[in-house]
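Structure assessment
As a plain string of letters, each chain reads:
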Amino acid sequence: MSRILLIDDDTELTDLLQEYLTGEGFEVTAANDGGRGLELAQSESFDALVLDVMLPVHNGFEVLRKLREEASAASRSLPVLMLTAKGDTVDRIVGLEMGADDYLPKPCNPRELAARLRAVLRRGRVEPSGESDDSLSSGQIRLLPAEHQGYWGDQVLALTGAEFAVLKVLVQHAGEVVGKEVLTESALGRKLMPYDRSIDVHVSNIRKKLADKGASRDLIINIRGAGYMLTQSKQ
């Protein structure tokens, strides 16, 4: 059973979501402020975090920043799904830039939330040995799917689950243009929605992390109106 931490100060909503998600087979722990939520996230083991933006004590961005800055790999890679105000694209983009894996506008449909959680959990699931012993490589990029770990040369790339999934698809199709629809479905496990910039932000984050290790900013290029291409050849 997957353990979910739900941080939202709307107690009526958390009660509703907790009841629904429990019925869907999740074990849900709720916190109603960012301070308590951060304490739980740092002291207990969870499989995913559902995080509201507007919170007392610490807002959602502060909680996310503190988790992503943690020394432990578990905190840095914990899948985070942000709950944002409906129509507030700024909060969505900021959350993704800070390392959120996905977002869902409030008020959210509990069924959609459960589906999004299953998608992020699938991305983080360790693949059975034998299926993923072989690494995926393209130039100096090397990915180990069984460990969900990426490298530039011998340097570790601190990728979130979503970033790893996006880079994995690009490596698998190195030298080819991959459409945003394909990237969204293959990497994020959902359909591309109108005005959805999730893939753009995840690719931007990947570029920054690769550049920090010495890679060219043009390693992943945007083909306007078509998608993205990893320009290195596969090995």
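The structure presented is a predicted model; accordingly, all values stated were derived computationally and were not measured.

Observations regarding the overall build of the protein
- When helices and strands are counted, the protein shows nine helices and 11 strands.
- Against the 2.2 N^0.38 benchmark of 18 Å for 235 residues, the protein shows a C-alpha radius of gyration of 17 Å, consistent with a compact globule.
- Projected onto its principal axes, the C-alpha coordinates of the protein cover approximately 50 × 35 × 30 Å.
- For the protein, restricting intrachain contacts to residue pairs at least 6 apart in sequence, the fraction spanning at least 24 positions comes to 58%.
- The positive charge centre, built from 28 side chains, and the negative charge centre, built from 36, are 5 Å apart in the protein.

So, the sheet that holds strand S9 (residues 155-157)
- Taking strand neighbours across the sheet as the criterion, the four strands line up as S6-S7-S8-S9 in an open arrangement whose pairing is antiparallel. Every interior strand has two partners, whereas the edge strands, strand S6 (136-138) and S9, have only one. Strand-to-strand, the axes of this sheet are offset by a mean angle of 25°, without reference to chain direction.
- Summarising the sheet, strand S7 (residues 141-144) and strand S8 (residues 149-152) pair through four bridges and their orientation is antiparallel. Note on S8: the bridge partner recorded for Arg 142 is Tyr 151.
- On the sheet, helix H7 (residues 161-172) packs against S6, S7, S8 and S9 and is oriented at approximately 120° with respect to S7.

Quick notes on the sheet that holds strand S2 (residues 27-31)
- Read from one edge of the open sheet, five strands run S2-S1-S3-S4-S5, paired in parallel fashion. Across the chains shown, the open sheet's two edge strands, defined by having one partner strand only, are S2 and strand S5 (102-106). The mean inter-strand angle of the sheet, taken between neighbouring strand axes irrespective of direction, is 20°.
- Helix H1 (residues 11-23) rests against strand S1 (3-7), S2 and S5 of the sheet, and its axis sits at about 170° to S2.
- Along the sheet, helix H2 (residues 34-43) contacts S1 and S2; its crossing angle with S1, the most-contacted strand, is approximately 160°.

Re the pairing of strand S11 (residues 227-230)
- As judged from the four bridges shared by strand S10 (residues 220-223) and S11, these two strands associate in the antiparallel manner. Bridge pairing in S11 links Ile 221 to Met 229.
- The antiparallel hairpin formed by S10 and S11 contains three residues in its connecting segment, where Gly 225 sits at a positive phi of about 80°.

Definitions and limits used
Residues numbered from 1 in each chain as written. Predicted model: local features only at pLDDT ≥ 70, side-chain atom pairs only at ≥ 80, totals over all residues. Heavy atoms only, no water. Helix = DSSP H or I, 4+ residues; strand = E, 2+ residues; numbered from the N terminus. Rg over C-alpha atoms; globule rule 2.2 N^0.38 Å. Contact = heavy atoms within 4.5 Å. Lys, Arg positive; Asp, Glu negative; His and termini not counted. Charge placed at Lys NZ, Arg CZ, Asp CG, Glu CD. Pairing = 2+ DSSP bridges. Axes fitted to C-alpha atoms, helices over the stretch in contact; angles between N-to-C directions.

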